[in-house]
Amino acid sequence: MYGSPTDIRLREVSPGDSKTPAIYLATFTTLTPAMRESDRKAYISAATVGNGLFLLVTTTTAVRFSKLESSLRRVADSFLAVDAPKTNLRNQK
């Protein structure tokens, strides 16, 4: 890591429910390995399953975002988190 992101803004794009994840649009500035600032945008899909929170983050530079936005949004929309199947394997002796 090259430091914490700065200028972070987060906006809810699509509220989630019990079957679909919530989707957020984030904008932030981060440092590159060469220590230059890089403005970035990200779609973040967030789903809760049981007691866990699961995230899928799709991001690119702010300059490329307009060209890649539809692809990044399709990936974010495709995210699905489900409960693992129940099993009795731990209870077997």
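Residues numbered from 1 in each chain as written. Predicted model: local features only at pLDDT ≥ 70, side-chain atom pairs only at ≥ 80, totals over all residues. Heavy atoms only, no water.

> Tell me about the pairing of strand β3 (residues 37–49), and please be specific about residues and values.
Pairing geometry for strand β2 (residues 22–31) and β3, over ten bridges, is antiparallel. Across the sheet, Ile-23 pairs through a bridge with Ser-45, a residue of β3. Bridge analysis of β3 against strand β4 (residues 52–61) gives ten bridges, and the strand direction is antiparallel. Bridging across to β4, Ile-44 finds its partner in Val-57. (Pairing = 2+ DSSP bridges. Helix = DSSP H or I, 4+ residues; strand = E, 2+ residues; numbered from the N terminus.)

> So what's going on with the pattern of salt bridges? Which residues, and what values?
What the rule picks out here adds up to one salt bridge. Between Arg-73 and Asp-77 there is a salt bridge whose closest N-O contact spans 3.0 Å. Taken as a pair, Arg-73 and Asp-77 lie in helix α1 (residues 62–78) at a separation of four residues, close to a single helical turn. (Salt bridge = Lys/Arg side-chain N within 4 Å of Asp/Glu carboxyl O.)

> Quick one: what's the story with unusual backbone geometry, residue by residue and with numbers?
The phi torsion at Asp-7 lies on the positive side, around 50 degrees, for a residue other than glycine. Here Asp-7 is to be found in strand β1 (residues 6–14). Residue class for Asp-7 comes out exposed when judged on its relative accessible area of 53%. Even without being a glycine, Met-35 presents a positive backbone phi close to 65 degrees. Counting through the fold element by element, Met-35 comes out in the loop between β2 and β3. (Buried < 20%, exposed > 50% of the residue type's maximum accessible area, 1.4 Å probe, protein only.)

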